[in-house]
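# A structural walkthrough
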Amino acid sequence: MIHDFGIVWTERALLLSGLANTTILSVLAAIASLLLGFALTPALMSKHLAVSGTARVFVDGMRCVPFLLFAYIVYYGLPSLGLRWDNWTSGLFALIVYNTAYMAETLRGAWVAQPREPIEAGVAFGFSDLKLFRRIILPPLLLSAGPVIGNQTIQIIKDSAFLTIIALPELTHAASSIQSRHYVPFAAFITAVFLYWGLCLVVEAGVNSVGRLAEARR
Amino acid sequence: MSGGDIASIFQGAAVTITLSLIGILIGLPIGLGLALLRWANVPVIARIVAVYVSMLRATPLVTLLLLLFFALPNIGIPINPISAAITALVMNTSAFNCEVWRAALMNFPKDQYEAAQSVGMRASLRFRRIVLPQILRVSLPGLVNEMSLLIKVTPVLAVVGVVDITRAAVRIGAETYDPLPPFLVAIALYAPIVFALVALQRWIERRQSAAEAAA
């Protein structure tokens, strides 16, 4: 058993590049889907039925489709429509589009729960729409939505593991190749599990420090 | 895509639904058991459960599944795709269920528990009559939410060769060189199942908040 971990250690470069790819994918997807979620949230709350209805169909639709199936469709299905991407583009696109729906729904919940008074005071002070959003709405929204955004980021890290099916060289894929090359399944996959755990603990620590910041500023 | 192909996706649906149901039915009580071990603060074991749950919640199902499927035979435990799939689903969902149950247990009013103690109820009766009915109500939306998440991760089971909706669709796509139609059929099967659970969760939440408003 110790010998098996020794083999994994000699393959650490592969495992670390998998970890790096998982991290890059997750960070890019988390930032992009958060920003797109911000753009989509006002649409969800729009007074125009056509706008809010379309946004709602997209968000609820994504929430009803398994991520793995969605990734398959983007990678294998879209070429039938003339869109042919490599596995990185497809994987990242799938992660971003899928999680944008979840981020938008999360932000909508936090937005609705915000107190009305500061926003009305901002309007009374003559803030422009953009300035109102940036200075009055956004800071408390981010602080209060912090934990849920953190949870969604952990979900993105776990979703990125599914992209191993389209041969994207992320952490699970790296563990799979080590296991098939040396036949050390337990050592290879348990190391991957610990690395995923470590990543998620880092995200949780980040969320907790944001929470403390929010507590201090209240 | 022929009629037979569609029929084989429906056969996959039966596998997906059966495995999900088994996962839910076994995962619910195990999650409750884990939550109770933490709630009762059993020395050492409570710590182990906390670490186990934290780790499983961070592990992608596909990684867990590959670990079980390849590593168990390696240490002498033979396992087929179906039992690996069920074990992985149960381990995964019970960790999440544990957190839902635990949140409800932590918010359970202590005075009721002490009142039951003072009228001489035994621990098992106390749990069955006083605690369980109330935490069940509080946990229900979270548990239903976890069920919809469980169904959404079942396509992963195809990776070890379980012929569920997704694997059937992938196979037809590979045979016909036109993957889009079978994938769309697959979505048409998953979406209503998940949507029904999401709608159920919303309905329970609405009903509970209406009941609270009336009280």
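Residues numbered from 1 in each chain as written. Chains lettered and ligands numbered in written order. Predicted model: local features only at pLDDT ≥ 70, side-chain atom pairs only at ≥ 80, totals over all residues. Heavy atoms only, no water.

### Some points on the overall build of chain B
A tally of regular secondary structure across chain B gives eight helices and zero strands. Ordered by position in the sequence, the α and β elements of chain B form the string α-α-α-α-α-α-α-α. For the C-alpha atoms alone, the extent of chain B along its principal axes is close to 70 × 50 × 25 Å. Counting the 215 residues in chain B, one finds 46% classified as buried. Taking all contacts inside chain B whose residues are at least 6 apart in sequence as the whole, residues at least 24 apart take part in 76%. (Helix = DSSP H or I, 4+ residues; strand = E, 2+ residues; numbered from the N terminus. Buried < 20%, exposed > 50% of the residue type's maximum accessible area, 1.4 Å probe, protein only. Contact = heavy atoms within 4.5 Å.)

### Description of the overall build of chain A
When helices and strands are tallied, chain A shows nine helices and zero strands. Secondary structure elements in chain A, listed N-terminal to C-terminal, are α-α-α-α-α-α-α-α-α. Counting only C-alpha atoms, chain A reaches 70 × 50 × 25 Å along its principal axes. Residues classed as buried in chain A amount to 51% of the 218 residues present. Of the contacts made within chain A by residues no fewer than 6 positions apart, 77% connect residues no fewer than 24 positions apart. Surface exposure of chain A reaches about 10,700 Å², of which carbon and sulfur atoms provide 68%. Taking the 15 positively charged and 12 negatively charged side chains of chain A as two groups, their mean positions are separated by 7 Å. (Areas by Shrake-Rupley, 256 points an atom, 1.4 Å probe, with all protein chains shown as cover. Lys, Arg positive; Asp, Glu negative; His and termini not counted. Charge placed at Lys NZ, Arg CZ, Asp CG, Glu CD.)

### A look at the packing of helix H2 (residues 12-44) of chain A against helix H7 (residues 129-162) of chain A
Two numbers describe a pair of packed helices, the interaxial angle and the distance between the axes. Residues and elements named next belong to chain A. Running from N to C, H2 and H7 point in directions that differ by 140°, and their axes come no closer than 10 Å. Here H2 is positioned oblique relative to H7, judged by the angle of their axes. The two elements H2 and H7 cross, and the hand of that crossing is right-handed. Within the contact between the two elements, H2 uses Thr-22, Leu-25, Ser-26, Ala-29, Ala-30, Ser-33, Leu-34 and Phe-38 and H7 uses Phe-133, Leu-138, Leu-141, Leu-142, Ile-149, Thr-153, Ile-156, Ile-157 and Ser-160. A class-by-class count of the residues in the contact of H2 with H7 yields twelve nonpolar, five polar and no charged. (Axes fitted to C-alpha atoms, helices over the stretch in contact; angles between N-to-C directions. Parallel < 35°, antiparallel > 145°, perpendicular 65-115°, else oblique. Left-handed = near helix turned anticlockwise from the far one by under 90°. Nonpolar A, V, L, I, M, F, W, Y, C, P; charged D, E, K, R; others polar.)

### Some details on the packing of helix H8 (residues 171-182) of chain A against helix H3 (residues 61-74) of chain B
It is the contact of H8(A) with H3(B), at a shortest axis distance of 10 Å, that shows an interaxial angle of 15°. In this view, H8(A) runs roughly parallel relative to H3(B), as classed from their interaxial angle. Classified by chirality, the crossing of H3(B) by H8(A) is left-handed. Taking contact as the criterion, the partners of A:Thr172, A:Ser176 and A:Gln179 in H8(A) are, on H3(B), B:Val62, B:Thr63, B:Leu66 and B:Phe70. Its residues assigned to classes, the contact of H8(A) with H3(B) shows three nonpolar, four polar and no charged.

### Some thoughts on the environment of B:Val53
Residue and element names in this part refer to chain B. Mapping Val-53 onto the fold places it in helix H2 (residues 45-58). Judged by its relative accessible area of 2%, Val-53 falls in the buried class. The sequence separation of Val-53 and Leu-184 amounts to 131 residues, and the corresponding C-alpha distance is 35 Å. Leaving out residues up to four positions away in the same chain, Val-53 has contacts with Leu-34, Ala-95, Cys-98 and Glu-99.

### What about the nonpolar core?
Residues A:Phe67, A:Phe70, A:Leu163, B:Ile9 and B:Ile135 are the most contacted members of the largest nonpolar core, which totals 136 residues. Residue contributions to this core peak at 13 residues, all from helix H5 (residues 87-112) of chain A. (Core = buried A, V, L, I, M, F, W, Y, C linked by side-chain atoms within 4.5 Å.)

### Considerations on the interface of chain B and chain A
In this assembly, 33 residues from chain B lie in contact with 37 residues from chain A. Carbon and sulfur atoms make up 76% of the area that chain B and chain A hide from each other, which totals about 3,200 Å². Linking chain B to chain A there are five residue pairs in polar contact (both at pLDDT 80 or more). Where the side of chain B that touches chain A is concerned, the elements lending two or more residues are H2, H3, helix H6 (123-153), helix H7 (165-176) and helix H8 (180-214) of chain B. Considering every element that reaches the side of chain B that touches chain A, the biggest residue donor is H8(B), with nine residues. Grouping the amino acids of the side of chain B that touches chain A by side-chain chemistry returns 24 nonpolar, five polar and four charged. (Buried area = accessible area lost by both parts, 1.4 Å probe. Polar contact = N/O pair within 3.5 Å; in protein donor to acceptor, adjacent residues only side chain to side chain.)

### Focus on the packing of aromatic side chains
In this description, a pair of aromatic rings is defined by centroid distance and the angle of the planes. Going through the model one piece at a time under the given rule, you end up with 14 aromatic pairs over all chains. Taking 5.3 Å as the distance between ring centres and 75° as the angle between the ring planes, the aromatic pair formed by B:Phe69 and B:Phe70 counts as edge-to-face. Through pairs of rings, three or more aromatic residues link up here, namely A:Phe67, A:Phe70, A:Tyr98, A:Tyr102 and A:Phe162. Over the aromatic face of A:Trp9 sits the side chain of A:Arg12, whose NZ or CZ is 4.4 Å from the ring centroid. (Phe/Tyr/Trp six-rings, centres within 6.5 Å; stacked < 30°, edge-to-face > 60°. Lys NZ or Arg CZ within 6 Å of the ring centre and 35° of its normal.)

### Points about the pattern of salt bridges
If you walk through the whole model with that rule in mind, you get ten salt bridges over all chains. Linking B:Glu175 and B:Arg171 is a salt bridge whose minimum nitrogen-to-oxygen distance equals 3.7 Å. Taken together, the residues span about one helical turn, with B:Glu175 and B:Arg171 both in helix H7 at a distance of four residues. Overlapping salt bridges bring together A:Arg56, A:Asp60, A:Arg63, A:Glu105, A:Arg108 and B:Arg202 as one network. (Salt bridge = Lys/Arg side-chain N within 4 Å of Asp/Glu carboxyl O.)

### A word on H2(B)
With 14 residues, H2(B) extends 20 Å between its outermost C-alpha atoms, agreeing within 8% with the 20 Å of an ideal straight helix rising 1.5 Å per residue. Where H2(B) is concerned, the buried positions are B:Ala46, B:Val49, B:Ala50, B:Val53, B:Met55, B:Leu56 and B:Ala58. Packed against the buried residues of H2(B) are H7 and helix H9 (185-217) of chain A together with helix H1 (3-39), H3 and helix H4 (81-106) of chain B. (Expected span 1.5 Å × (residues − 1).)

### Remarks on the confidence of the model for chain A
Residues with a pLDDT of 70 or more make up 100% of chain A, whose mean pLDDT is 88. No element of chain A has a lower mean pLDDT than helix H1 (residues 2-10) of chain A, which averages 83, and none a higher one than H2(A), which averages 92. (pLDDT = per-residue confidence, 0-100.)

### Digging into the confidence of the model for chain B
Across chain B, the average pLDDT comes to 89, with 100% of residues at or above 70. Taken element by element, the predicted model of chain B shows its lowest mean pLDDT in helix H5 (residues 110-118) of chain B (86) and its highest in H2(B) (93).

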